[in-house]
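Descriptive structure summary
Listed below, chain by chain, are the residues.
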Amino acid sequence: MYKAFGIVSSSGRNIYVDGMQDYRPIGAFSFLGRYRVIDFPISNMTNSDIDRIQVYINNKPRSVVEHVGTGRHYNINSKSGKLQLLFSEHNNDNDIYNTDISCYLDNMESLSRMNHPYVVIAPSYMVYSIDFDQFLHTHIESGADVTLLYHAVDNAKEAYLTCNVLGLNRQKGVESIEPNHGNKKNQYVYMDTCVMKTELFISLIKEAKNLSSMYTLADILNDKCETLDIRGVAHKGFFASITDFPSYYAANMALLNYKSAQELFHDNWPIYTRTNDSCPTQYFNTADVKNSVISNGCQIEGTVENSVIGRGCIIKKGAVVRNSVVLAEATVGEGVHVENEVVDKWAKLVHKKEIVSEHTTSTYQQEFRKIGMQINDSFSYNDWVEIYKKLVFWELELAETENGMDEMLRMQKSEANNGFNKFIKNNYMDWMANSSIRPLMSNDIFKTKVFPLLDQGEKVFFILVDNFRYDQWLIIRELLSEFYTFKEEETFCSILPTATQYARNAIFSGLMPLQ
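What this report covers is the structure whose coordinates are included nearby.

The rules behind the values
- Think of each chain on its own: its residues are numbered from 1, step by step along the sequence as written.
- Two thresholds apply to this predicted model, a pLDDT of at least 70 for residue-level local features and 80 or more for giving and counting side-chain atom pairs, whereas whole-chain, interface and lining totals are computed over all residues.
- Heavy atoms from the whole structure form the basis of all side-chain values; hydrogens and water molecules are not counted.
- For every residue, the accessible area obtained with a 1.4 Å probe (protein chains only) is divided by the maximum for its type, and the residue is called buried under 20%, exposed over 50%, and partly exposed between those limits.
- Only DSSP runs of H or I covering at least 4 residues are called helices, and only runs of E covering at least 2 are called strands; the numbering of each starts at the N terminus.
- At least two bridges found by DSSP between two strands is the condition for calling them paired.
- Pairs were defined over the aromatic rings of Phe, Tyr and Trp, the Trp ring being its six-membered one, requiring ring centres within 6.5 Å. Orientation was assigned from the angle between planes: stacked under 30 degrees, edge-to-face over 60, tilted for the rest.
- Each polar contact in these results corresponds to two N or O atoms within 3.5 Å; when the atoms are within protein, one needs to be able to donate a hydrogen and the other to accept it, and residues that are neighboring in sequence are counted only if both atoms are side-chain atoms.
- Residues form patches when they are more than 30% accessible in relative terms and have no salt bridge. Like charges link within 9 Å. Nonpolar side chains (Val, Leu, Ile, Met, Phe, Trp, Tyr) link within 5 Å.
- The Shrake-Rupley method, run with a 1.4 Å probe, gives the accessible areas here. Residue values count only the displayed protein chains as cover.
- We define a salt bridge as a side-chain nitrogen of Lys or Arg found within 4 Å of a carboxyl oxygen belonging to Asp or Glu.
- Here, residues are in contact when the closest pair of their heavy atoms is within 4.5 Å.

1. Details of the pairing of strand β11 (residues 187–197)
Counting buried residues along β11, 9 of its 11 residues qualify, which places the element largely inside the surrounding structure. Of the pairings in the sheet, the one linking strand β6 (residues 118–123) to β11 comprises 4 bridges and is antiparallel in character. By the bridge assignment for β11, I121 is matched with C194. Here strand β8 (residues 146–153) runs beside β11; their pairing, made up of 8 bridges, is antiparallel. Within the sheet, the bridge partner assigned to H151 lies in β11 and is V189. Two elements, strand β9 (residues 164–168) and β11, share 2 bridges in a ladder whose sense is antiparallel. Across the sheet, V165 pairs through a bridge with V189, a residue of β11.

2. Considerations on the sheet that holds strand β20 (residues 314–315)
Spatially, the 5 strands line up as an open sheet ordered β14-β17-β20-β23-β26, and their pairing is parallel. Only two strands of the sheet have a single neighbouring strand rather than two, namely β14 (282–283) and β26 (348–349). One ladder, built from 2 bridges, connects strand β17 (residues 299–300) with β20; its direction is parallel. When the bridges of β20 are listed, Q299 appears paired with I314.

3. Some details on the packing of aromatic side chains
As enumerated under the stated definition, the model contains 23 aromatic pairs in all. Measuring from ring centre to ring centre gives 5.1 Å for F393 and W394, while their planes differ by 80 degrees; the resulting arrangement is edge-to-face. Look at F393 and you get partly exposed, because its relative accessible area is 41%. W394 gets classed as buried once you look at its relative accessible area, which sits at 7%. Within the aromatic cluster, the residues linked to one another by ring pairs are Y381, W384, F420, F423 and W431.

4. A few points about the sheet that holds strand β19 (residues 308–309)
Pairing within the open sheet is parallel, and its 4 strands lie in the order β16-β19-β22-β25. Either end of the sheet is taken by a strand with one partner, and the two such strands are β16 (293–294) and β25 (342–343). Sheet topology places strand β22 (residues 325–326) next to β25; 2 bridges connect them, and they run parallel. Each residue of the ladder has a partner; that of V325, found in β25, is V342.

5. Some points on the side chain of T162
Here T162 is to be found in the loop between β8 and β9. Here T243 takes part through its side chain, which lies 2.7 Å from a polar atom of the side chain of T162.

6. Remarks on a nonpolar patch on the surface
Taken together, F461, I463, V465, F468, I476, L480, F483, Y484 and F486 make up a surface patch of nonpolar side chains, about 970 Å² in accessible area. Using a relative accessible area of 63% as the deciding quantity, one classes F483 as exposed.

7. A short note on the side chain of T273
Position of T273 among the secondary structure elements: in the loop between α9 (258–264) and β14. Judged by relative accessible area, T273 falls into the buried class, the value being 7%. In this structure the side chain of T273 is engaged in a polar contact, spanning 2.7 Å, whose partner is the side chain of D39. In contact with T273, not counting residues within four places along its chain, are R34, Y35, R36, D39, H67, H73 and R311.

8. What to know about the pairing of β6
For β6, the buried fraction is high: 6 of the 6 residues fall into the buried class. Residues Y118, V120 and A122 point to one face of β6 and V119, I121 and P123 to the other, with burial holding for every one of them. As paired strands, strand β1 (residues 4–9) and β6 are joined by 6 bridges and run parallel to one another. Bridge pairing links S9 to P123 in β6.

9. Let's talk about the environment of I271
If you trace the backbone, I271 turns up in the loop between α9 and β14. For I271, a relative accessible area of 9% translates into the label buried. It is 41 Å that separates the C-alpha atoms of I271 and L391, two residues lying 120 residues apart in sequence. Discounting residues that sit within four places of it in the chain, I271 has contacts with Y35, D39, F40, S43, S129 and F265.

So, in structure tokens, the structure goes:
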């Protein structure tokens, strides 16, 4: 191993796991029953022969301190190795200045004492396996100033919305580090993992401080993309970014798949954790367990399906736990039905007999925050079309169920309308001045969609319906699909004013009202 020390960074202010992060940082979250999330970056480092590790904690340190302790259970060399826990002076979750840079600055004395030529930085909120020895070797062989680790995904429109993504050239040079706006499905998600010389790392921290007290390491690296040689290296295998509640639940559920678990856990790459002396799990005659991960020390009398059960849990007779994550020492009482839930540690579910999150409602609750972020980050007409289609989809889905989501959806639609109004106000006059930059509009429909077909000798049946909404079209399309195949579906933007006598006439005439 090249002489390098490791840093495990804490989560940024843009990351929040609702309902759980109020009580402990993400690194201390229970994962897959027996681990904590922070076990993965520390184990990756110790398996790669990095035995000097600094763990930075920017809020609620107690649970991390209790779990990590001196680090002896991570197989760190007791003579030459050392694990340090370092804390931020800005320990308020909502403090905009509580960044990774501020945490490094608060502990600059400890950083300056590290005499290792290289530093490897990994986050405490992502789960993956990697050989940092090979990662560092690749960095040194390339001659780059900084090497970043990324994971290629094809679902960036729906997931990883609180992560950064990399802009790469053909030589895997990094051209930008930007937030994922959810407008492209294929992206290179930055895993907040990098390697560079210690001297450069310290200089970047100081430069970031001089530029802005709100700067993060990703911000200063983005600024340096043109002046430093920053390269990207692809990660293969299982990868989970735990940056919101849905991603925490999904990461646990994903590893119930044996193939996914094999991508994360390897025989020669142990994931270390703090253990305790407890008896094996006891399965009673009434127990029925399918496709689940059950930790030690549990008592199982009921039914468990597609679930993760933490240490010391009690599932009573007649209880049903399905598609859920149950954290340590929880009790599910007799006859209680739990489905699609995350049950926090020490919880006792004994009084209410049915705790079931309806799939549609719970999924919209998970999507609510993502759609809200897309509303704030929408810069193009296509971005707004995507948001509109999502809101219509959820309006139709929620209409099929009895739920309390009506007001939440109404508020989000109102927020989107306000944002779209500002977008039109800022861009409409530019569209009028330059037709090449505007979306398809009322007066362009015949010119771009109808006349080309007529010129080719095609027969065209043109149907125009006043005040025809997209949700209405979706319902009608389902009925028509028995008789027709739909080759193309596209939205257009009405001219202003949208009143029928103007907008409809613009469609048929191909002219604007003043013309």
